[in-house]
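Coordinates in review
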Amino acid sequence: MILTPMDYVSLAPRLPPAADSHQARIGLEHWAERFARAGLSPQSDPAASESGRSVLQSLFGNSSFLGQIALADPQSFCRLVETGPEESLRQALAETKAAAQSEDEATIMARLRRLRQRVALLVALADIAELWTVEQVTQALSDFAEAALEASIQFLLLMAERNGQIRLDGNPDNAGFVVLGMGKLGARELNYSSDIDLIVLYDADKAEACGLEAPGTFFVRLTRSLVKIMAERTADGYVFRTDLRLRPDPGSTPLAISVTAAETYYESVGQNWERAAMIKARPVAGDRATGKEFLEYLRPYVWRKSLDFAAIQDIHSIKRQINAHRGGGAIALHGHNIKLGRGGIREIEFFAQTQQLIYGGRIPELRGSQTVPMLEALAVAGMVERNAVVELTAAYRFLRKVEHRLQMIADEQTHSLPANDTGMRHLAIFLGYPDAQAFADALLHQLRLVERHYAHLFEDAPTLSGPGNLVFTGAEDDPETLKTLAGLGFSNPSVVAGVVRQWHHGRYRATITARSRELLTELIPTLLKELGATAHPDGALVRFDQFLARLPAGVQLFSLFYSNPGLLKLVATIMGSAPKVAERLAQQPALLDAVLDPGFLGTLPSLDELRADAEAHLARAIDYQDVLDFARRWTADRRFQIGVQLLTARIDAERAGQALADVAQSVLSALCPRVEAEFARQHGGFGGTRLVVVAMGKLGSREMTVTSDLDLMFVYDLPPQTEESDGEKPLLPALYYGRLSQRIINAITTLTNEGQLYEVDMRLRPSGNAGPLACSVEAFDTYH
């Protein structure tokens, strides 16, 4: 029964005792001081009666936040109790809407913050005393948030009109600027200390009609001011923390985006979890007509009448990324997250939303935004057993009640249970339990019920959670996922989660199609496990991200990974253990096709076979630039093969050194004559090849590594009785062979589109860096 108006005698028995008697006593002392200072009549002091004192002790002894609000304005507290929650809320909402007429920003910010405190206190009293249901509590909080947003937007638009920035013609609601409430605000299920999730849109055509030349710039600036009014902490606190990360591709889009851009995004790269988020979307402030038109336009995107198998699997993946236990395994309550943890609120919400996405296109009754009514609708439609709905509904209300009490204690946006026994005892008493054990028993019962029902949802689908949760939907990090990533070996799990989320925004060519993103979702658990098993998991992820960014397309390769798990493991190993090989793979992803060739991991070719192969490849070159590019591509492919065989232990380091030296020798044998021929087109020659390239260092000893440079020396034989070469631009022998040597060095070291062939070190030649690049045989003999 709802008591309206309230009174202390009827209210006191409905409130829990003080969990902290010391804090309650101090609170009463402060109350006496503040009440007297306010000049109120002693006869109206609730502390003068046993029931009134009991009400105050419950507030002060359970919630520092509620106690501070009561102490800040004793008269308002007394008026609230006398008026009752419904009328107090009606008055507060009316005053909130009137705040739009504030004369300046400081005034509206102060008014809204004081109103927020009033609403927080009246809602808390109605909740704690169980005068309101969970649904009434969340509705009241949502109504206030909506009113505060509406007042703020009207204030900002009217102020812009006074400054000559926009023309409203007396109608600020028709400026094409709309705020969509997402998540719990959109569903009118806001929790006690909730953030509000918003998407801010504008209609460029309507904005132009209002005299705006650059609506994007104007509305982004307006959105920043809106966030400031709502979220900035002042001496009066804040109104609501504001989160804009549910907008399309938040990492690359402005705070306010055009309706056209948003429609294009959802039609082209919108993800299934974003479809789930759009279930709860609702215009909450501004030009609501524009917001309704936008959501109506997206209706076919959200509610599809037919889904292919891949799309259904991707929807299943929203659930499958959570590691749900059918057997009701042990749950550590201390520090447990009742929203995101096992058996938590999110599992109940996903239970409804995933099935809404699958069946809502054909069953209009499943298109609602609120969790409890949609659970009931699923039962009516025959999609869920009645018993499951009854138990999930009871668990949802129970967990939301716990969530509210957690947040009331200190006005923190927390969903985690206290980490110590004292905190658990405090919370248990605040919830009306005699002790922590009684509360723990009730909570565990509900968490296990939820976990069991959730685990049976799509139970035939293979898990995507790996050794723990691997959830990358939404805009915030999932705590359990961060723990899983840390357990896999990543040192910065939050960065990893952010990178994976970005893959799904379609910025890369490889992830631009829905099918490629669906396949990637299936691959991510295996991929992260394999990357985590490498020597440097975080670096391996960065290199895989670079590899993904350069892929021309994704479906074919992801399908290849899906059907060849060993190939995915090999790629992960390359990314984590062989940076140079990984760099080559990123530059030329087509190399993976070669890996599937049975001969790729077979016996490496001999020196003679390599020389013939290099010669054949360079013979296809049309011009000199082709020669340079073909040489680099051939060499990189061969080095890639050797690197992979070394990583997979097909060969040892000694054999790899010999093979790498054979590759270098072979490509030089094919390249140098072509460089000399190109050089001779201008400068002629001396009647045959008289220059030899001498290998020194690791190339000479055939002990090269993937990162080795080439230690070279150029020696030439002086031609008999010839002073100059026979070309159009003749050169003396010393100058000729010096320039030819430099041309060969350039051919090896120059960066082309295919990269660099090798670094070259000439310091081992006679006289070191001080001597000429090429040395005659006579000079060489004399020197030594």
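Residues numbered from 1 in each chain as written. Predicted model: local features only at pLDDT ≥ 70, side-chain atom pairs only at ≥ 80, totals over all residues. Heavy atoms only, no water.

Examining the overall build of the chain
Heads up, the rule is: Only DSSP runs of H or I reaching four residues or more are called helices, and only runs of E reaching two or more are called strands; each is numbered from the N terminus. Our radius of gyration is a C-alpha quantity, and the globule rule it is checked against amounts to 2.2 Å times the number of residues to the power 0.38. Three exposure classes are used, based on accessible area relative to the maximum for each residue type with a 1.4 Å probe and protein chains only: buried under 20%, partly exposed in between, and exposed over 50%.
When helices and strands are tallied, the chain shows 34 helices and nine strands. For the chain, whose C-alpha radius of gyration is 36 Å, the value lies well above the compact-globule estimate of 28 Å for 784 residues. Along the three orthogonal principal directions, the C-alpha set of the chain runs to about 125 × 65 × 55 Å. In the chain, which comprises 784 residues, the share counted as buried stands at 55%.

Here's the deal with helix α30 (residues 624–647)
Along an α-helix, residues three or four positions apart point the same way, because every turn accommodates 3.6 residues. Counted only if it meets this: Helix span, expected: 1.5 Å multiplied by one less than the number of residues in the helix. Residues adjacent in sequence count toward polar contacts only when both atoms are side-chain atoms; beyond that, a polar contact is any pair of N or O atoms within 3.5 Å, and within protein one must be able to donate a hydrogen and the other to accept it.
Across its 24 residues, α30 extends 35 Å between first and last C-alpha, which sits within 8% of the 34 Å expected from 1.5 Å per residue. The buried fraction of α30 amounts to 17 of the 24 residues, a majority that puts the element mostly inside the structure. Capping the start of α30, Asp623 holds a side-chain oxygen 3.3 Å from the backbone nitrogen of Gln625, two or three residues further along. Once α30 finishes, Ala649 follows within two positions and takes phi at roughly 65°, a positive value.

Looking at the layout of surface pockets
To keep things clear, this is the line we draw: Both cavities and pockets are sets of points on a 1 Å grid over the protein atoms alone; in a cavity a 1.4 Å probe fits but cannot get out, in a pocket the set is open with protein on both sides within 12 Å along at least five of seven lines, and lining residues sit with an atom within 4 Å of a point. Grid points are joined across faces, edges and corners, and a volume is the space filled by probe spheres set on the points. Polarity classes work like this: nonpolar for Ala, Val, Leu, Ile, Met, Phe, Trp, Tyr, Cys and Pro, charged for Asp, Glu, Lys and Arg, and polar for all others, with Gly in that last group.
Of the volumes computed, that of the largest pocket is approximately 780 Å³. Asp197, Leu246, Lys339, Gly474 and Glu476 are the residues nearest the centre of the largest pocket, which is lined by 33 residues in total. Among the elements of the structure, α9 (183–186), β2 (196–202), α13 (272–278) and α16 (345–359) are those that each provide at least two residues to the lining of the largest pocket. In terms of residue count, α16 provides more of the lining of the largest pocket than any other element does, four residues in total. Its residues assigned to classes, the lining of the largest pocket shows 13 nonpolar, eight polar and 12 charged. The space that makes up the second largest pocket amounts to roughly 480 Å³. Mapped by element, the contributors of at least two residues to the lining of the second largest pocket are α27 (579–587) and α30.

Looking at the confidence of the model for the chain
Short version of the rule: Note: pLDDT gives the predictor's confidence per residue, expressed from 0 to 100.
For the chain, the average pLDDT comes to 88, and 95% of its residues sit at 70 or higher. Predicted confidence in the chain is weakest over helix α34 (residues 777–783), with a mean pLDDT of 70, and strongest over strand β1 (residues 177–182), with 97.

Examining the packing of aromatic side chains
When we look at a pair of aromatic rings, we describe it by the centre distance and by the angle of the planes. So the rule is basically this: Pairing of aromatic side chains requires ring centres within 6.5 Å, counting the rings of Phe and Tyr and the six-membered ring of Trp. Pairs whose planes differ by under 30 degrees are stacked, by over 60 edge-to-face, and all others tilted. A ring is scored as having a charge over it whenever the NZ atom of a lysine or the CZ atom of an arginine sits within 6 Å of its centre and within 35 degrees of its normal.
The tally for this structure, following the rule as stated, stands at 17 aromatic pairs. Their ring planes at 40° and their centres at 5.8 Å tell us that Phe144 and Phe240 sit as a pair that is tilted. Within this pair, whereas Phe144 is found in helix α8 (residues 134–162), its partner Phe240 is found in the loop between α11 (215–231) and β3 (242–243), the two being separated by 96 residues in sequence. Overall, the relative accessible area of 5% leaves Phe240 in the buried class. Geometrically, the ring pair formed by Tyr266 and Tyr301 is tilted, given 5.6 Å between the ring centres and 40° between the ring planes. Of this pair, Tyr266 sits in helix α12 (residues 259–269) while Tyr301 sits in helix α14 (residues 288–302), placing them 35 residues apart in sequence. Take Tyr266 and Tyr301: they sit in the same class, and that class is buried. Each member of the aromatic cluster is reached from another via a ring pair, and the members are Phe679, Phe686, Tyr716, Tyr736 and Tyr737. Its guanidinium or amino end placed over the ring of Tyr238, Arg116 lies 4.8 Å from that ring's centre, counting from NZ or CZ. A cation sits over an aromatic face here: Arg405 above Phe430, 5.7 Å from the ring centre.

Some thoughts on helix α21 (residues 479–488)
Keep this limit in mind: Think of it as the arc spanned by the lines of direction from the helix axis to the C-beta atoms. Between two residues, a contact is recorded if the distance between any of their heavy atoms is within 4.5 Å.
Those residues of α21 lying buried are Thr481, Thr484, Leu485 and Leu488. In an axial view of α21, the angular spread of the buried residues amounts to 95°, which keeps them on one side of the axis. More than 90 degrees from the buried face of α21, the exposed residues found are Lys483 and Gly487. Of the surrounding elements, those touching the buried residues of α21 are α22 (493–503) and α23 (514–532). Following α21 by one or two positions, Gly489 adopts a phi angle in the positive range, close to 120°.

Some words on the side chain of Thr223
Its location among the elements puts Thr223 in helix α11. Residue Thr223 is classed as buried on the basis of its relative accessible area, which comes to 0%.

So, the environment of Arg632
With respect to the helices and strands, Arg632 occurs in helix α30. Here Arg632 falls in the buried class, since its relative accessible area comes to 2%. In sequence terms Arg632 and Asn753 are 121 residues apart; their C-alpha atoms lie 9.4 Å from each other. Ignoring any residue separated from it by four or fewer positions in sequence, one finds Arg632 in contact with Asn746, Ala747, Ile748, Thr749, Thr750, Thr752, Glu754, Gly755, Gln756 and Leu757. In this structure the side chain of Arg632 is engaged in a polar contact, spanning 3.1 Å, whose partner is the backbone oxygen of Leu628.

Quick notes on the pairing of β2
Counted only if it meets this: Should DSSP find at least two bridges between two strands, the strands are taken to pair.
Here β2 lies mainly inside the structure; six of its seven residues are buried. Pairing between β1 and β2: six bridges, direction antiparallel. Bridged to Gly181 within β2 is Leu198. In this sheet, β3 lies alongside β2 in parallel orientation, the contact comprising two bridges. Within β3, the position partnered with Asp197 by the bridge is Asp243.

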